[in-house]
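A look at the structure
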Amino acid sequence: GQALAAALAAGAGPVGLVLSGGRTPGRVLPPLLAQDLDWGRVRVMAGDERLVPPGHPDSTEALIRALFSAAGRPLSYHGTGPDPAPAAALDHWRQGWAMMPPVAAAFLGLGPDGHVASLFPGRPEAANPTLTSAFVPETPPHAHARLTLGPAALGALPCIVLVAEGAEKRAVLARAMAPDADPAALPLAWIARLPQTSVFQDRP
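Let me sum up the structure you'll find in this document. These numbers were taken from a predicted model, which means no experiment stands behind them. (Residues numbered from 1 in each chain as written. Predicted model: local features only at pLDDT ≥ 70, side-chain atom pairs only at ≥ 80, totals over all residues. Heavy atoms only, no water.)

Notes on the overall build of the protein chain
Formally: Each helix is a run of DSSP H or I of at least 4 residues and each strand a run of E of at least 2, with the numbering of both proceeding from the N terminus. When we talk radius of gyration, it's over C-alpha atoms, and the globule rule is simply 2.2 Å times the number of residues to the 0.38. Whether two residues are in contact is decided by their heavy atoms: any pair within 4.5 Å suffices. The positive count covers Lys and Arg only, the negative count covers Asp and Glu only, and His and the chain ends enter neither. All charge positions are set by atom: Lys at NZ, Arg at CZ, Asp at CG, Glu at CD.
When helices and strands are tallied, the protein chain shows 7 helices and 9 strands. Computed over its C-alpha atoms, the radius of gyration of the protein chain comes to 16 Å, within 12% of the 17 Å expected for a compact globule of 204 residues. Here the contacts in the protein chain between residues at least 6 apart in sequence split such that 70% fall between residues at least 24 apart. Taken together, the 15 basic and 16 acidic charged side chains of the protein chain have centroids lying 4 Å from each other.

Here you go:
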């Protein structure tokens with residue numbers, strides 16, 4: 001929250017905020033939204049989106065909108081758009097990313113298999129350092145097709161907070177931080193080591 005507050009205080013223009021897909025916004029947003037910030041200037045996107053209808057219980061956009069509404073905060077959010085076809089949704093999403101103001105902070109979750117955003121172990125998206133964004137087909141055991149930011153976009157974020165809650169996620173984070181961790185097997189490994197990355201984890 002400090003990076004977001006500092007960016008808002010530094011100028012009068014809009015500021016970008018990147019949130020994790022999945023359930024992580026439910027842990028991150030309530031304390032963030034409790035801060036008395038100029039939320040009308042914050043532009044929000046997710047680091048990855050599940051391609052599901054807006055009312056679906058797995059919709060990242062629905063969760064984020066509900067949390068902002070519950071906090072009584074205005075929300076400027078760019079999601080997957082009205083057309084569920086993968087090509088159309090990706091094009092709409094890329095347009096939003098191109099129009100994002102400078103991002104002040106990104107809060108990203110991680111999976112017990114070592115994925116970040118929807119960069120899954122063994123998939124080509126995780127191994128492409130020049131990739132900005134991509135469509136990812138349903139990749140068991142992960143439900144739903146996805147849109148995701150790629151390594152190039154994630155690596156360019158100036159302030160990243162990795163949220164690791166629970167024993168499984170703490171354990172995979174420890175493996176990712178090991179000197180011999182293979183980023184191809186654990187996409188989390190390279191992002192956890194970026195100088196702009198910090199970690200929030202609960203305790204056993």
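Looking at the nonpolar core
Our working rule: The definition of a nonpolar core used throughout is a set of buried Ala, Val, Leu, Ile, Met, Phe, Trp, Tyr and Cys residues joined through side-chain atoms within 4.5 Å. Partly exposed residues are those whose accessible area sits between 20% and 50% of the maximum for their type, while under 20% is buried and over 50% is exposed, using a 1.4 Å probe and protein chains only.
Of all hydrophobic cores here, the largest spans 33 residues; its most connected members are Trp97, Leu188 and Ile191. Listing elements by their share of this core, those giving two or more residues are helix H4 (86–99), strand S5 (103–109), strand S7 (146–149), helix H5 (151–155), strand S8 (160–164), helix H6 (167–176) and helix H7 (188–192). Once residues lying within four places of it in the same chain are set aside, the contact partners of Trp97 are Val18, Met45, Val103, Thr132, Leu149, Ala153 and Leu157.

Some thoughts on the sheet that holds strand S1 (residues 15–19)
The condition that has to hold: The rule for pairing is simple: two strands pair if DSSP sees at least two bridges between them. For helices, the fitted axis covers only the stretch in contact; all axes are lines through C-alpha atoms, and the angles between them, taken along N-to-C directions, range from 0 to 180 degrees.
Ordered by their spatial adjacency, 6 strands build an open sheet running S4-S2-S1-S5-S8-S9, and the pairing between neighbours is parallel. In this open sheet, the two edge strands, each paired with only one partner strand, are strand S4 (76–77) and strand S9 (197–201). Strands in contact with H4 are S1, strand S2 (42–46) and S5; relative to S2, the strand with the most contacts, it is inclined by about 140 degrees.

Looking at the sheet that holds strand S6 (residues 133–136)
Pairing in this open sheet of 3 strands is antiparallel, and the strands run S3-S7-S6 from one edge to the other. Strands with a single pairing partner mark the edges of an open sheet, and in this sheet they are strand S3 (48–50) and S6. Neighbour to neighbour, the strand axes of the sheet diverge by 15 degrees on average, direction disregarded. Across 4 bridges, S6 lies against S7 in antiparallel orientation. Across the sheet, the residue bridging to Ser133 is Leu149, located in S7.

Here's the deal with the packing of helix H2 (residues 24–33) against helix H3 (residues 60–71)
Here is the rule we go by: Each angle gets one of four labels, with under 35 degrees taken as roughly parallel, over 145 as roughly antiparallel, 65 to 115 as roughly perpendicular, and the rest as oblique. Crossings are classed by handedness, with left-handed meaning an anticlockwise turn of the near helix from the far one by less than a right angle and right-handed meaning a clockwise turn. For this scheme, ten residues count as nonpolar: Ala, Val, Leu, Ile, Met, Phe, Trp, Tyr, Cys and Pro. Four count as charged, namely Asp, Glu, Lys and Arg, and the remainder, Gly too, count as polar.
Where H2 contacts H3, the axes come no closer than 10 Å and their chain directions differ by 25 degrees. Here H3 runs roughly parallel to H2, going by the angle between their axes. In terms of crossing hand, the pair formed by H2 and H3 is right-handed. Contacts from Pro25, Gly26, Leu29, Pro30 and Leu33 of H2 reach H3 at Leu63, Ile64, Leu67, Phe68 and Ala71. Along the lines of polarity and charge, the residues of the contact of H2 with H3 split into 9 nonpolar, 1 polar and no charged.

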